[in-house]
Amino acid sequence: MLRPSRPPKRRELPSVLRRAREFSGFALPGLFLYGLLVLVPIGWTVAQGFTDRNRFDPQTSWVGLDQFRRLLEDDQFWLVLKNTFVVTAIVVVVPNVLGLGIALLLDRESLLYRLLRSVFFTPVILSGIVVSVIWQSVLRPDGVLNKVLADAGVESAPGWLSDPSIALYSISGILCWQMLGFCVVVYLAGLNGVPKELYEAAIVDGAGWWRRFGSVTWPMIAPAVTINTVMLLISGFKVYEHILVLTNGGPGRNTTASIAFDVIEKGVRGDRIGYAAAEATIMLCIIVVLSGVVLRLLQRREVQL
């Protein structure tokens, strides 16, 4: 007696291909725009870094690593690189610490606290130019801050934007003020995601506030720490508008200039497109490496629920 033959197994490949085709219908337009608006300009900039291109000479020659060699021998490049690292270090630490503290204070449900959240987030939605203009009126020699200091008895008020020794820190403080609201919102979102049962269990075990923060809150908001740190790192490296409006790279020569500011100065005003492209390429490499290292280190402590 012949046994009935088993129906052939359905192949998964057509189903996979069908899902891939459906997914590509949504993803391809976005990938096309991303490649056109992001990857192509990056590739073009990197390629220009290997040339001696400028706007006034139609003849562009391939010079290889010559622009990068000249860049590394330029003392001004190392100065703006140092300035950028100083600003980035301040911007990564200060808003992170203050943002977490403010988020812990605002982690309550009431109309007042919701209004305060909006107040702290307002500077984030303002452009860097608007923020710089506001603070320029505050920090100028006859500005609000110096008048307050004079009323308090300070005879010689500092030149917040004219003193080379503190101008860079003034710009860093303004950027910290603008990014503080972003950190607060991200940390509030992380705090809202912490299960209340963990706090209740910690209270039952007799844990005080510091113990609950160290054992429950801090591990559970690790993803928020990662997001804030990476975003602040990138913001510090690409600061430009604040420097342009407040000091224009001064006082003096490049005492407050960042890499982003120097790239635009040399590429647009100085017409040294190849040199500026090489500098932008180095800046991109530094950001990619630092962001990758920070992500790898911080993601190790993230708790998976």
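Residues numbered from 1 in each chain as written. Predicted model: local features only at pLDDT ≥ 70, side-chain atom pairs only at ≥ 80, totals over all residues. Heavy atoms only, no water.

Undergrad: Help me get a handle on a nonpolar patch on the surface, residues and values and all.
TA: The grouping of Phe32, Leu33, Leu36, Leu37 and Val40 at the surface amounts to a nonpolar patch, some 520 Å² of accessible area in total. Here Leu33 is to be found in helix 1 (residues 13-48). (Patch = residues over 30% accessible without salt bridge, like charges linked within 9 Å, V, L, I, M, F, W, Y side chains within 5 Å. Areas by Shrake-Rupley, 256 points an atom, 1.4 Å probe, with all protein chains shown as cover. Salt bridge = Lys/Arg side-chain N within 4 Å of Asp/Glu carboxyl O. Helix = DSSP H or I, 4+ residues; strand = E, 2+ residues; numbered from the N terminus.)

Undergrad: Quick rundown of the pattern of salt bridges? Include the residues and the values.
TA: Summed over all chains, the structure comprises six salt bridges. A salt bridge links Asp66 to Arg69; the shortest N-O distance between them is 2.4 Å. One end of the pair is Asp66 and the other is Arg69, both in helix 2 (residues 66-72) and three residues apart, which spans about a single turn. A relative accessible area of 42% means that Arg69 is categorised as partly exposed. (Buried < 20%, exposed > 50% of the residue type's maximum accessible area, 1.4 Å probe, protein only.)

Undergrad: Tell me about the side chain of Thr84, and name the residues and values.
TA: Mapping Thr84 onto the fold places it in helix 3 (residues 75-106). Once residues within four sequence positions are removed from consideration, Thr84 is found in contact with Gly236, Phe237, Ser258 and Ile259. (Contact = heavy atoms within 4.5 Å.)

Undergrad: Account for the side chain of Gln178, naming residues and giving values.
TA: One can find Gln178 in helix 7 (residues 167-192). Residue classification places Gln178 among the buried positions, given a relative accessible area of 6%. At a separation of 2.8 Å, a polar atom in the side chain of Gln178 contacts the main-chain carbonyl oxygen of Leu126. There is a polar contact of 2.8 Å between the side chain of Gln178 and the side chain of His242. Apart from the residues lying within four places of it in its own chain, the contact partners of Gln178 are Pro123, Val124, Leu126, Ser127, Gly128, Val131 and His242. (Polar contact = N/O pair within 3.5 Å; in protein donor to acceptor, adjacent residues only side chain to side chain.)

Undergrad: Tell me about helix 9 (residues 209-220), and name the residues and values.
TA: Buried within helix 9 we find Arg212, Phe213, Val216, Thr217 and Met220. End-on, the buried residues of helix 9 take up no more than an arc of 125 degrees, which puts them together on one face. Projecting away from the buried face of helix 9 at angles above 90 degrees are the exposed residues Trp210 and Arg211. (Arc of directions from axis to C-beta.)

Undergrad: Give a detailed account of the packing of helix 3 against helix 10 (residues 222-237), specifying residues and quantitative values.
TA: Two numbers describe how helix 3 lies on helix 10: the axes approach to 8 Å, and their chain directions differ by 150 degrees. Seen from above, helix 3 lies across helix 10 with right-handed handedness. Between helix 3 and helix 10, the contacting residues are Thr84, Phe85, Val87, Thr88, Val91, Val92, Pro95 and Asn96 on the first element and Asn228, Thr229, Leu232, Leu233, Gly236 and Phe237 on the second. (Axes fitted to C-alpha atoms, helices over the stretch in contact; angles between N-to-C directions. Left-handed = near helix turned anticlockwise from the far one by under 90°.)

Undergrad: Kindly report on the packing of helix 12 (residues 259-269) against helix 13 (residues 273-299), identifying the contributing residues and their values.
TA: What describes two packed helices is the angle between their axes and the distance between those same axes. Between helix 12 and helix 13, the shortest axis-to-axis distance is 8 Å and the interhelical angle comes to 165 degrees. As judged from the angle between their axes, helix 12 and helix 13 are roughly antiparallel. As for how helix 12 packs across helix 13, the hand of that crossing is left-handed. Counting all contacts with helix 12, which are made through Ile259, Ala260, Asp262, Val263, Lys266 and Gly267, the residues of helix 13 involved are Ile273, Tyr275, Ala276, Glu279, Ala280 and Met283. Residue classes in the contact of helix 12 with helix 13 are distributed as eight nonpolar, one polar and three charged. (Parallel < 35°, antiparallel > 145°, perpendicular 65-115°, else oblique. Nonpolar A, V, L, I, M, F, W, Y, C, P; charged D, E, K, R; others polar.)

Undergrad: Let's hear about unusual backbone geometry: which residues, and what values?
TA: Of note, the bond from Gly250 into Pro251 is cis; its omega dihedral lies within 30 degrees of zero at -5 degrees. Following the sequence through the fold, Pro251 ends up in the loop between helix 11 (241-246) and helix 12. We note that Asn248 has phi near 55 degrees; this positive angle belongs to a residue other than glycine. Within the secondary structure layout, Asn248 lies in the loop between helix 11 and helix 12. In this structure Asn248 comes out as partly exposed when scored by relative accessible area, which is 41%. With a phi close to 60 degrees, Asn254 is a non-glycine residue in the positive phi region. Mapped onto the elements of the fold, Asn254 is located in the loop between helix 11 and helix 12. The exposure class of Asn254 is buried, given its relative accessible area of 14%.

Undergrad: Give me the packing of aromatic side chains: which residues, what numbers.
TA: A full pass over the atoms with the stated rule returns 10 aromatic pairs. Pairing Phe50 with Trp62 gives two aromatic rings, centres 5.5 Å apart and planes at 10 degrees, and the pair type is stacked. Here Trp62 lies in the loop between helix 1 and helix 2 and Phe50 lies in the loop between helix 1 and helix 2, a separation of 12 residues in the sequence. Classification of Phe50 by relative accessible area gives partly exposed; the value is 21%. An angle of 85 degrees between the planes, with centres 6.4 Å apart, marks the rings of Trp210 and Phe213 as edge-to-face. Linking Trp210 with Phe213, this pair stays in helix 9, spanning three residues, or about one helical turn. One aromatic cluster in this structure is built from Trp209, Trp210, Phe213 and Trp218. The ring centre of Tyr275 lies 4.2 Å from the NZ or CZ of Arg272, which sits over that ring. (Phe/Tyr/Trp six-rings, centres within 6.5 Å; stacked < 30°, edge-to-face > 60°. Lys NZ or Arg CZ within 6 Å of the ring centre and 35° of its normal.)

Undergrad: So what about the state of the cysteines? Which residues, and what values?
TA: Evaluation of the coordinates by the stated rule reveals zero disulfides. There is no disulfide at Cys183, and the cysteine sulfur nearest it, in Cys176, is 9.0 Å away. Of the residues examined, Cys183 reaches a relative accessible area of 0% and is grouped as buried. (Disulfide = S-S within 2.5 Å.)

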